[in-house]
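# Residue-level structural notes
So you can see what is in the structure, the chains are spelled out below.
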Protein chains: 2
Amino acid sequence: MDESTRAKRQRQRVTADEVARVLGVSQSTISRAFTATASISEEMRTRVMTTAAELGYQPNVIARSLMTRRTNIVAIVLPNLTDPFYAVVLDELTQRLQPRGCQTLLFVPTPGQEVDEILPTLLQYQVDGIIITSATVSSAMARACAKRETPVVLLNRYVPGLEIHAVSCDNVAGGRQMAEFLLGQHHRRPAFVAGQLGASTSMDRQSGFVSRLQDDGVECVIEQGGDHTYQAGFDAALRLMRRSDPPDAIFFTSDIMAFGGMDALRSNGFIIPDHVSIAGFNGVPLAGWAAYDLTTIRHPFSQMADAALELLGFGDAEVTQSPTTRLIHGTLMDRGSTMSRSPERTRVRG
Amino acid sequence: MDESTRAKRQRQRVTADEVARVLGVSQSTISRAFTATASISEEMRTRVMTTAAELGYQPNVIARSLMTRRTNIVAIVLPNLTDPFYAVVLDELTQRLQPRGCQTLLFVPTPGQEVDEILPTLLQYQVDGIIITSATVSSAMARACAKRETPVVLLNRYVPGLEIHAVSCDNVAGGRQMAEFLLGQHHRRPAFVAGQLGASTSMDRQSGFVSRLQDDGVECVIEQGGDHTYQAGFDAALRLMRRSDPPDAIFFTSDIMAFGGMDALRSNGFIIPDHVSIAGFNGVPLAGWAAYDLTTIRHPFSQMADAALELLGFGDAEVTQSPTTRLIHGTLMDRGSTMSRSPERTRVRG
DNA sequence: TTGTCGGATGCATTCGCATGCAGTTGACGC
DNA sequence: GCGTCAACTGCATGCGAATGCATCCGACAA
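Residues numbered from 1 in each chain as written. Chains lettered and ligands numbered in written order. Predicted model: local features only at pLDDT ≥ 70, side-chain atom pairs only at ≥ 80, totals over all residues. Heavy atoms only, no water.

Turning our attention to the interface of chain B and chain A. Contacts between the two partners involve 53 residues from chain B and, on the opposite side, 54 residues from chain A. Buried area between chain B and chain A, both sides added, is near 5300 Å², and the carbon and sulfur share of it is 57%. For the interface between chain B and chain A, the tally reads zero salt bridges. The tally of links between chain B and chain A comes to 13 residue pairs in polar contact (both at pLDDT 80 or more). Going through the elements one at a time, α1 (2-12), α5 (61-68), α6 (84-97), β2 (103-107), α7 (115-124), α8 (139-148) and α12 (255-267) of chain B are the ones with two or more residues in the side of chain B that touches chain A. For the side of chain B that touches chain A, a count of residues per class yields 26 nonpolar, 17 polar and 10 charged. With three bridges joining them, strand β2 (residues 103-107) of chain A and β2 of chain B adopt antiparallel strand pairing. Its bridge partner being in β2 of chain B, Thr 104 of chain A is matched across the sheet by Leu 106 of chain B. (Contact = heavy atoms within 4.5 Å. Buried area = accessible area lost by both parts, 1.4 Å probe. Salt bridge = Lys/Arg side-chain N within 4 Å of Asp/Glu carboxyl O. Polar contact = N/O pair within 3.5 Å; in protein donor to acceptor, adjacent residues only side chain to side chain. Helix = DSSP H or I, 4+ residues; strand = E, 2+ residues; numbered from the N terminus. Nonpolar A, V, L, I, M, F, W, Y, C, P; charged D, E, K, R; others polar. Pairing = 2+ DSSP bridges.)

Okay, the protein's contact with DNA strand D next. Close to DNA strand D lie 27 residues, the nearest being Ala 16, Ser 31 and Arg 64 of chain A together with Thr 29 and Arg 69 of chain B. Per the 4 Å cut-off to the protein, sugar and phosphate atoms form 59% of the nearby atoms of DNA strand D. In the environment of DNA strand D, a base nitrogen lies 3.1 Å from a nitrogen or oxygen atom belonging to the side chain of Gln 27 of chain A. Between DNA strand D and Ser 26 of chain B, the relevant distance is 3.0 Å, taken from a phosphate oxygen to a side-chain nitrogen or oxygen of the residue. When residues of the surface near DNA strand D are traced back to their parent elements, those giving at least two are α3 (27-33) and α5 (61-68) of chain A together with α3 (27-33) and α5 of chain B. Each residue belonging to the surface near DNA strand D can be placed in one class, and the counts come to 11 nonpolar, 12 polar and four charged. (Near = heavy atom within 4 Å.)

Contacts to DNA strand C come from 26 residues, most closely from Thr 29 and Arg 69 of chain A together with Ala 16, Ser 31 and Arg 64 of chain B. Here, DNA strand C places atoms within 4 Å of the protein, and 61% of those atoms are sugar or phosphate. At 3.1 Å from a base nitrogen of DNA strand C is found a side-chain nitrogen or oxygen belonging to Gln 27 of chain B. Backbone polar atom of Ala 63 of chain B to a base nitrogen of DNA strand C: 3.4 Å apart, as the coordinates give it. Looking at the surface near DNA strand C, the elements with two or more residues in it are α3 and α5 of chain A together with α3 and α5 of chain B. Class assignment of the residues belonging to the surface near DNA strand C gives a composition of 10 nonpolar, 12 polar and four charged.

Right, dumping it as structure tokens:
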């Protein structure tokens, strides 16, 4: 049964040998016809191509990879697809890879699964490069990849001591920008909603935000959001506004949390931005839509994708062997979810 | 230079032969240790595993695939990632594939690129299955895949005559459901915003919607939206409401178009649902958020993903050779973007 | 005419692993 | 003590294509 199936497949599957036999040439010639740089006459190449098309022959990329040691596959690791931020990142990356003849192999670790666990699986596929978003790897794993000469890029995360490429928005600067902006609008009771504990992106945004506020002597309430989800933002916003001293501005560490927060507040009778200003971070398309019109720090998505691919060695520049960190500044999008408080009344009540 | 690089790699890359030499056994033994069903003593297996771990050996999936003819890769074709609908679909599929040891190879045709063009590329990767969303393939391509015994499933699309598996929400029924619902709310001037011309999903929804309305003698305005984008919905909504006879309900063929429409109307002073009811189709998470609170037909995402994988042969059931079409009913989510019109006044003016 | 050279092609090997088949070993029954 | 059998292991080969090397051929210069 199994053997007969295999036999049948062998008969059906068209290989380079088949084409060669039909044309009365060697298998090498077929191979050369499909290799741009190979030495072969134009006439022979067209003959091969014609016959190949007739027989339905397509080179087997798997077999080719075995020799060339290139799979033309880049692995991308994302924590989830439901956050539009990752959808945008994936979109940007894929759109750049495909024109270069590269395909995207997707890995979505299940919650609680460490990236370190899935990296071995991923390396087994002999991918030409790995892009890891919003997570980090152990230095042991980084070394394992380096040993195999598989380039790895952390996207949206960087670890100072780690010997690994990294591309990230400058989160500290982004936090500072937002603080500066909110201070300029005369907010005096800002709050920050953090994401997962230990997520450096969130911590950096927080530290930039808080330190800039402190420069002006402004205190900041820190609310632990939990994870980067709509629901977490929803809950955090309500907790904040039910305090005896509610904030006049809430800066969420992530757009999707801000969306949850805005929906929670509006559903509970708060008017945004009259009662409280709301700001986010990421700059996903949805943040610009009228329904939210969210002030946020927009990631330089294109630049980040370009930089990531360049560090992977897909750019025009020479491959940099030494681990490089690229910090790129985001752009503050001043939208309708925030408004200036008049200096004399620091709190507006509805 | 290039040769020395290769030589270095060969030295560095750990193969089964290396492990075998260190242990003083044959390469077959290494292979067997990594094959669950192979005949090998438990003691030897642990010895191999230990040494493999020490040397950092990982089986090369590419080489294995050459023999086993299984890559454990499923290709998924999506038109774009920016529509949350596809993000959800991709999420559901990936979450089911990974536990089965399967990885997802992503293909996003550039606008204007036919699926038929990229299928050959995709087949070169010797994927174990192909899932194509919201597009169809020529019957010639379907035959080419069948010949290679690569199962293909169309998701969210089906073509009656085509010899190919298909899983789709019952769009005609969905259209009828929505018509029934809006009629029950006493709407008398409904409009339908279509998507791309020739997209069967949109046409089916339209025909179901229109035919059910006609059953009650209700006319329907058809507005061509263009593509399935936020902007297309935005523009279409404005065109409709600027007519001399504006509708009292707008049914968009896609949630993302409805979002655009709602934002357009709200930005122009319309109150939803007081001035006009809005409905969508797909049931993406965002539709349930307070900002839109959109009445829509929710796709049975889980069931569709299950069905697709089953037809690919990843289910428990026997593989069905004959092309099967699974039509699954969606669920109408009755939300705040629609409201009942009192029978006596069929139009409300703001 | 002969030597040389470059382009085109074939041959043989290789990539890393899986697997059919044969060979080895030990346990067990008679 | 010997045959039988099962469990395990090694050998050799094959998967499909890329590529170094040798070969062949025609063109061209000497």
